[in-house]
Amino acid sequence: MSDPRIPAYVHEETVDGYGTVRIRPLDAKGDAGVLHGWVSEERAAFWGMNGLTQDQVAGIYAHMDTLDTHHAYLIEKDGEPAGLLQTYEPEADRVSECYPVEPGDIGLHLLLAPAGADGARVGWSSALLRAVASFVLIGLDRKRVVVDPDVRNEKAIARFLRQGFTAGEKVVLPEIDIPDVYLPEKHAQLAFLDREVAFPG
């Protein structure tokens, strides 16, 4: 029986040879255990939450849930957690100080679940990213996605470029230090994906 406290799915699609991808708003408290397991791993160091407790992780996403400009989603593949997606309005984010925001832009951060016991599968992240792009560009009716991975996160940068993103400039996102949020300065590689490139015609 489904938990009525978990919001309904906002996107669902079946990817041939991969499986069914569903995306739903994140349940900050209910999903905290899964997220804490992911962000605590060394491979997630660039996510910036290594060393936080499960309650601290839940608190971050509970705060995000109060914002109109930043949103968090859980991605599922065939019913199992497969990734964390965060979207944001670039003009309401520090990235707006680093590039000229255009109407129809949307920013995203993506953290993929660790490979299962059977290890990484060829095409797994590509299929998941395509479903994410479909949700963000078509489902949310946006013209362009911007991402800003840490310049040292070579795997993430390569993954985006393989997916059709075009590399932009290397920039320095300024430090944010306000009562509810602290973000250290970040050296980032911007990259962009246009809807007509991802989904021509």
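For the structure itself, consult the block above.
(A) Spatial organisation of the overall build of the chain. A tally of helices and strands in the chain yields five helices and ten strands. Against the compact-globule benchmark of 17 Å for 201 residues, the chain has a radius of gyration of 16 Å, which places it among compact chains. When the backbone C-alpha atoms are referred to their principal axes, the chain occupies close to 45 × 45 × 30 Å. With 201 residues in all, the chain has 43% of them scored as buried. By sequence separation, contacts in the chain at least 24 residues apart represent 59% of the contacts at least 6 residues apart. Surface exposure of the chain reaches about 11,000 Å², of which carbon and sulfur atoms provide 51%.

(B) Summary view of the environment of Asp105. Position of Asp105 relative to the elements: it lies in strand β5 (residues 105-112). Note on Asp105: relative accessible area 3%, which makes it buried. Asp105 sits 26 residues away from Gly79 along the chain, and the two C-alpha atoms are 30 Å apart. Ignoring any residue separated from it by four or fewer positions in sequence, one finds Asp105 in contact with Glu89, Pro90, Tyr99, Arg142 and Arg144. Among the polar contacts listed, one links the side chain of Asp105 to the side chain of Tyr99, at a separation of 2.8 Å.

(C) Broad picture of the packing of aromatic side chains. For the structure on display, the rule yields four aromatic pairs. When the ring centre of Tyr9 is taken as origin, the NZ or CZ atom of Arg22, which lies over that ring, is 6.0 Å away. Lying across the ring of Tyr18, Lys77 places its NZ or CZ 5.0 Å from the centre.

(D) The pairing of strand β1 (residues 11-15), seen in detail. Here β1 runs beside strand β2 (residues 19-25); their pairing, made up of five bridges, is antiparallel. Of the residues in β2, the one forming a bridge with Thr14 is Thr20. Between β1 and β2, which pair antiparallel in sequence order, lie three residues; one of them, Gly17, sits at a positive phi of approximately 75°.

Definitions and cut-offs
Residues numbered from 1 in each chain as written. Predicted model: local features only at pLDDT ≥ 70, side-chain atom pairs only at ≥ 80, totals over all residues. Heavy atoms only, no water. Helix = DSSP H or I, 4+ residues; strand = E, 2+ residues; numbered from the N terminus. Rg over C-alpha atoms; globule rule 2.2 N^0.38 Å. Buried < 20%, exposed > 50% of the residue type's maximum accessible area, 1.4 Å probe, protein only. Contact = heavy atoms within 4.5 Å. Areas by Shrake-Rupley, 256 points an atom, 1.4 Å probe, with all protein chains shown as cover. Polar contact = N/O pair within 3.5 Å; in protein donor to acceptor, adjacent residues only side chain to side chain. Phe/Tyr/Trp six-rings, centres within 6.5 Å; stacked < 30°, edge-to-face > 60°. Lys NZ or Arg CZ within 6 Å of the ring centre and 35° of its normal. Pairing = 2+ DSSP bridges.

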